[in-house]
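Here are the chains, one letter per residue:
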Amino acid sequence: MRFWDETSRGLSLAVKAQPGARRVAIGPVVPAAAAPGWPQARLKVAVNAPPEDGKANEAIIAALAAWLGVKPGTITLVAGQTSREKRFLITPSVPVPEL
């Protein structure tokens, strides 16, 4: 299942956040309810940071950057600031690694 879209602005990733986890983990891909403009799946990202004051969002960006092999500054949270369902934009676009 696809959890990403290639756009003219870069790579858009749909993420299901799991803050407060015991360890940082990327994956698996989980199905999601249909939503306009979103892919049909989410990439589960677990981080040990708590879901307060943006700490989990920063930890997710760091985890995605390490996974994608990019600098954290190339990743922007574009939707879901306080939700577990988030959308990130990576500029410029990069290939999505295998899970």
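Preceding block: the structure.
(A) Region of interest: the overall build of the protein. Regarding its fold elements, the protein presents one helix and six strands. The helix and strand sequence of the protein, counted from the amino end, reads β-β-β-β-α-β-β. Taken over the C-alpha trace, the protein has a radius of gyration of 12 Å; the compact-globule value for 99 residues is 13 Å, and the two agree within 12%. Dimensions of the protein, computed from the C-alpha atoms along their principal axes, are close to 35 × 30 × 25 Å.

(B) Just the pattern of salt bridges, in detail. Scanning the entire structure with this criterion turns up three salt bridges. The partner of D5 in a salt bridge is R87, and the shortest N-O contact between them spans 3.0 Å. Remark: R87 occurs in strand β6 (residues 85–90) and D5 occurs in strand β1 (residues 4–6); sequence separation between them is 82 residues. The closest approach of N and O atoms between E85 and R42, which form a salt bridge, is 2.5 Å. Of this pair, E85 sits in strand β6 while R42 is found in strand β4 (residues 41–46), placing the two residues 43 residues apart along the sequence. When its relative accessible area of 28% is taken as the criterion, E85 is described as partly exposed. For R42, a relative accessible area of 3% gives the class buried. Through salt bridges with shared partners, one network takes in K16, R42 and E85.

(C) Layout of the environment of G80. The topology assignment puts G80 in the loop between β5 (75–79) and β6. G80 sits 46 residues away from A34 along the chain, and the two C-alpha atoms are 16 Å apart. Look past the residues within four positions of G80 in its chain and what remains in contact with it is E85 and K86.

(D) Region of the structure containing the pairing of β4. With five of its six residues buried, β4 lies for the most part within the structure. Two strands pair when backbone bridges link them, and strand β2 (residues 11–18) and β4 are joined in this way by four bridges, in the parallel orientation. By the bridge assignment for β4, A17 is matched with V45. When strand β3 (residues 25–31) meets β4, the two strands line up antiparallel, connected through five bridges. Among the inter-strand pairings, P31 is bridged to a residue of β4, identified as A41.

(E) Representation of the nonpolar core in the model. L13, V45, I60, L64, I75 and F88 are the most contacted members of the largest nonpolar core, which has 24 residues in total. Mapped onto this core, the elements with two or more residues apiece are β2, β4, α1 (55–68), β5 and β6. At eight residues, α1 tops the list of elements feeding residues into this core. Non-local contacts of F88, meaning those with residues more than four positions away in its chain, are made with L11, S12, L13, V15, I60, I61, L64, I75, T76, L77 and V78.

Rules used throughout
Residues numbered from 1 in each chain as written. Predicted model: local features only at pLDDT ≥ 70, side-chain atom pairs only at ≥ 80, totals over all residues. Heavy atoms only, no water. Helix = DSSP H or I, 4+ residues; strand = E, 2+ residues; numbered from the N terminus. Rg over C-alpha atoms; globule rule 2.2 N^0.38 Å. Salt bridge = Lys/Arg side-chain N within 4 Å of Asp/Glu carboxyl O. Buried < 20%, exposed > 50% of the residue type's maximum accessible area, 1.4 Å probe, protein only. Contact = heavy atoms within 4.5 Å. Pairing = 2+ DSSP bridges. Core = buried A, V, L, I, M, F, W, Y, C linked by side-chain atoms within 4.5 Å.

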